[in-house]
Amino acid sequence: MPADGKRRPLSRRRLFGIDRSGPEPPQTRAGQPLRPFTVPNLIGYVRLAAIPVFLVVALGSGDGRDAVAALIFLAIALGDLVDGLVARATGQYSRMGALLDPVVDRLTILSGAIVCWHFELLPRVAIALLAAREVATLVLARYGLRHGADLEITWVGRIAVFLIMGGIFWAMVVDWTIIEVGFCVGVALAILATVLYVRAAQRKARAFDAAAAQRSVQPPVQPSSSD
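Presented here is a report on the structure given in the accompanying data block. (Residues numbered from 1 in each chain as written. Predicted model: local features only at pLDDT ≥ 70, side-chain atom pairs only at ≥ 80, totals over all residues. Heavy atoms only, no water.)

### Focus on the packing of helix α2 (residues 39-59) against helix α4 (residues 95-118)
Here's step 1: The contact between α2 and α4 brings their axes to 10 Å, and the two run at 10°. Here α2 is positioned roughly parallel relative to α4, judged by the angle of their axes.
Here's step 2: Among the residues forming the contact of α2 with α4, the class breakdown is 13 nonpolar, seven polar and three charged. (Axes fitted to C-alpha atoms, helices over the stretch in contact; angles between N-to-C directions. Helix = DSSP H or I, 4+ residues; strand = E, 2+ residues; numbered from the N terminus. Parallel < 35°, antiparallel > 145°, perpendicular 65-115°, else oblique. Nonpolar A, V, L, I, M, F, W, Y, C, P; charged D, E, K, R; others polar.)

Encoded structure:
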């Protein structure tokens, strides 16, 4: 926010998340208040609550190709775009949102992977690699929080999520080979994104530890004495 305390109008590119240049909003950084009750966070809670509903409907279908289940999954996936749009439009950023969104995204993908594995809608080798990647990402996120290094979302990761969620959705609708190919490409990009996450997190963790060590060795400032 500018020094005068007034929010500047957003460009369309920034509003819709195309332009993500510049630092992350300060409200989302480690050490900031959670602020759990914001409109974007409420959208995140609804997404989270819809995941078990999706699993019940999808796993209860005959072959996994169920219109209702597919639409629920699509709504959960698109909810990620909606809460980001609302956060940028209203300025209601929060630490809770920064922590909640990646978890909901991981759980959404894992729930879709469970359905696709159960009904063999997508290659099981790719699904297994995806599941391992999602679990690893959750572990890395937890490690990063302990060391003051949030995971950096890259365009590689965003493209991967688009292909993976799109592949899961369309696999529940039609049986096309191109869907399997796109899904496998998405999994490969997701693994690459994880490697990039690890490297970025390691750099941040080292910088965080070095700063902490430097603070610990600095002598305390002695109060000045007056005659």
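### Things to note about helix α3 (residues 67-90)
Every α-helix winds through 3.6 residues per turn, so residues three or four apart in the chain are directed the same way.
Here's step 1: Taking 1.5 Å per residue as the helical rise, α3 with its 24 residues ought to reach 34 Å, and the 33 Å between its terminal C-alpha atoms agrees with that figure.
Here's step 2: Of all the bends found along α3, the most pronounced is centred on Gly79 and spans about 30°.
Here's step 3: What α3 keeps buried is the set Ala69, Ala70, Ile72, Phe73, Ile76, Ala77, Gly79, Asp83, Gly84, Val86, Ala87 and Arg88.
Here's step 4: Gly91 occupies a position one or two residues after α3 and carries a positive phi of about 75°. (Expected span 1.5 Å × (residues − 1). Bend = angle between axes of the 7 residues up to and from the residue. Buried < 20%, exposed > 50% of the residue type's maximum accessible area, 1.4 Å probe, protein only.)

### Side note on the nonpolar core
Here's step 1: With 34 residues, the main nonpolar core has Phe54, Leu122, Ile164, Ile168, Met172 and Phe183 as its most contacted residues.
Here's step 2: Taken together, the elements giving at least two residues each to this core come down to α2, α3, α4, α5 (124-146), α6 (155-171) and α7 (177-217).
Here's step 3: At seven residues, α4 tops the list of elements feeding residues into this core.
Here's step 4: If sequence neighbours within four positions are ignored, Met172 has contacts with Phe54, Gly64, Arg65, Asp66, Ala69, Ala70, Phe73, Val115 and Leu121. (Core = buried A, V, L, I, M, F, W, Y, C linked by side-chain atoms within 4.5 Å. Contact = heavy atoms within 4.5 Å.)

### Focus: the packing of aromatic side chains
Here's step 1: The final tally for this structure, using the stated rule, is two aromatic pairs.
Here's step 2: Each ring, one from Phe54 and one from Phe73, has its centre 5.4 Å from the other, and the planes form 50°; the classification is tilted. Here Phe73 lies in helix α3 and Phe54 lies in helix α2, a separation of 19 residues in the sequence.
Here's step 3: Using a relative accessible area of 0% as the deciding quantity, one classes Phe54 as buried.
Here's step 4: Residue classification places Phe73 among the buried residues on the basis of a relative accessible area of 1%.
Here's step 5: Plain terms: the ring middles of Phe169 and Trp170 are 5.0 Å apart, the flat faces sit at 70° to each other, and that makes the pair edge-to-face.
Here's step 6: With relative accessibility at 42%, the residue Trp170 sits in the partly exposed group.
Here's step 7: In this structure, Arg158 is placed above the aromatic ring of Trp155, and the distance from its NZ or CZ to the ring centre is 4.9 Å. (Phe/Tyr/Trp six-rings, centres within 6.5 Å; stacked < 30°, edge-to-face > 60°. Lys NZ or Arg CZ within 6 Å of the ring centre and 35° of its normal.)

### With respect to the packing of α2 against α3
Here's step 1: Relative orientation of the contacting elements α2 and α3 amounts to 170°, with a least axis distance of 9 Å. The pairing of α2 with α3 is recorded here as roughly antiparallel in orientation. Here Val39, Pro40, Ile43, Gly44, Arg47, Ala50, Ile51, Val53, Phe54, Val57 and Ala58 of α2 come into contact with α3, specifically with Val68, Ala69, Ile72, Phe73, Ile76, Gly79, Asp80, Val82, Asp83, Val86 and Ala87.
Here's step 2: Broken down by class, the residue content of the contact of α2 with α3 amounts to 17 nonpolar, two polar and three charged.

### Remarks on unusual backbone geometry
Here's step 1: The backbone phi angle of Arg35 is positive, close to 50°, even though this residue is not glycine.
Here's step 2: For Arg35, the position within the fold is in the loop between α1 (12-15) and α2.
Here's step 3: The residue Glu120 is not glycine, and still its phi comes out positive at about 55°.
Here's step 4: With respect to the helices and strands, the residue Glu120 is situated in the loop between α4 and α5.
Here's step 5: The class of Glu120 is exposed, set by a relative accessible area of 57%.

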